[in-house]
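Architecture at a glance
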Amino acid sequence: LGEFPSARLTPQGTVLVAHMDMTKVAEYDVSGKEVWSAEFPRPWSAERLKSGNTLICGTKLVREVNSSGKTVWELNENDLPGNTLRLMAGCHRLPNGNTIFANYLGHGHLGEQPQFDLR
């Protein structure tokens, strides 16, 4: 499976894996067979949403993709003035539709801006 910083069980019983070294997020069935994937540069976390879309975050990027892997929306490194995206280490869609992000600022940048953001 290579280098992966996170894996999540989906409601369907599959596993969603962020493959940092393979620049993709992949979904596997219980036998380990890949059943879905989407390209993403250096992904750190992925979550299957109730809509069937997948929320993915990684280095300097957050993106929601549909079941075909096409981008629904994305947030890039400098899209939030004063809050540079660095290592987006986690993301989660809340029941009210907001999304919370964990932005690891890295050594030398701690304290410069919020490490969590809610949009």
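Scroll up for the structure.
Reading the values: rules and limits
- Residues numbered from 1 in each chain as written.
- Predicted model: local features only at pLDDT ≥ 70, side-chain atom pairs only at ≥ 80, totals over all residues.
- Heavy atoms only, no water.
- Pairing = 2+ DSSP bridges.
- Helix = DSSP H or I, 4+ residues; strand = E, 2+ residues; numbered from the N terminus.
- Axes fitted to C-alpha atoms, helices over the stretch in contact; angles between N-to-C directions.
- Core = buried A, V, L, I, M, F, W, Y, C linked by side-chain atoms within 4.5 Å.
- Buried < 20%, exposed > 50% of the residue type's maximum accessible area, 1.4 Å probe, protein only.
- Contact = heavy atoms within 4.5 Å.
- Salt bridge = Lys/Arg side-chain N within 4 Å of Asp/Glu carboxyl O.

Focus on the sheet that holds strand S7 (residues 61-65)
Read from one edge of the open sheet, four strands run S5-S6-S7-S8, paired in antiparallel fashion. One side of each edge strand has no neighbouring strand; the edge strands of this open sheet are strand S5 (43-48) and strand S8 (71-76). Neighbour-to-neighbour, the strand axes of this sheet turn through a mean angle of 15°, independent of strand direction. Inspection of the sheet shows S7 paired to S8 by five bridges, in the antiparallel sense. If you follow Leu61 over to S8, its bridge partner there is Asn76.

Considering the nonpolar core
In terms of nonpolar packing, the biggest core is built from ten residues, these being Leu49, Leu55, Cys57, Val62, Leu75, Leu80, Leu85, Met88, Cys91 and Phe101. Looking at this core, the elements with two or more residues in it are strand S6 (54-58) and strand S9 (87-93). When residues no more than four places from it in sequence are discounted, the contact partners of Cys57 are Phe40, Pro43, Trp44, Ser45, Val62, Met88, Ala89, Gly90 and Cys91. Counting nine residues, the second largest nonpolar core, distinct from the first, contains Trp36, Phe40, Ile56 and Val65.

Details of the sheet that holds strand S3 (residues 24-28)
Pairing is antiparallel in the open sheet, where four strands are placed in the order S1-S2-S3-S4. The open sheet terminates on both sides in strands that have one partner only, identified here as strand S1 (6-9) and strand S4 (34-39). Averaged over all neighbouring strand pairs, the angle between strand axes comes to 15°, with direction disregarded. As judged from the five bridges shared by S3 and S4, these two strands associate in the antiparallel manner. Its bridge partner being in S4, Val25 is matched across the sheet by Ala38.

Observations concerning the pairing of strand S2 (residues 15-19)
Among the five residues in S2, four count as buried, and that is most of the element. Relative to S2, S1 runs antiparallel, the two being bridged by four bridges. Pairing of Arg8 across the sheet is with Leu16, part of S2. Where S1 hands over to S2, the hairpin turn is made up of five residues, of which Gly13 adopts a positive phi near 90°. Inspection of the sheet shows S2 paired to S3 by five bridges, in the antiparallel sense. Counterpart to Val17 in the pairing with S3 is Ala26. Hairpin geometry of S2 and S3 is characterised by an intervening segment of four residues between the two adjacent antiparallel strands and by a positive phi of about 45° at Thr23.

Section: the pattern of salt bridges
Should their charged atoms come close, side chains of opposite charge can pair. According to the stated counting rule, one finds six salt bridges in the structure shown. The residue Lys60 makes a salt bridge to Glu77 at a minimum N-O spacing of 3.5 Å. Of the two residues, Lys60 is situated in the loop between S6 and S7 and Glu77 in the loop between S8 and S9; the sequence distance between them amounts to 17 residues. The exposure class assigned to Lys60 is partly exposed, which follows from its relative accessible area of 37%. The exposure class assigned to Glu77 is partly exposed, which follows from its relative accessible area of 26%. A salt bridge links Arg63 to Glu74, with the nearest nitrogen and oxygen atoms 2.8 Å apart. Residue Arg63 is located in strand S7, and its partner Glu74 is located in strand S8; the two are separated by eleven residues in the primary sequence. We classify Arg63 as buried; its relative accessible area is 15%.

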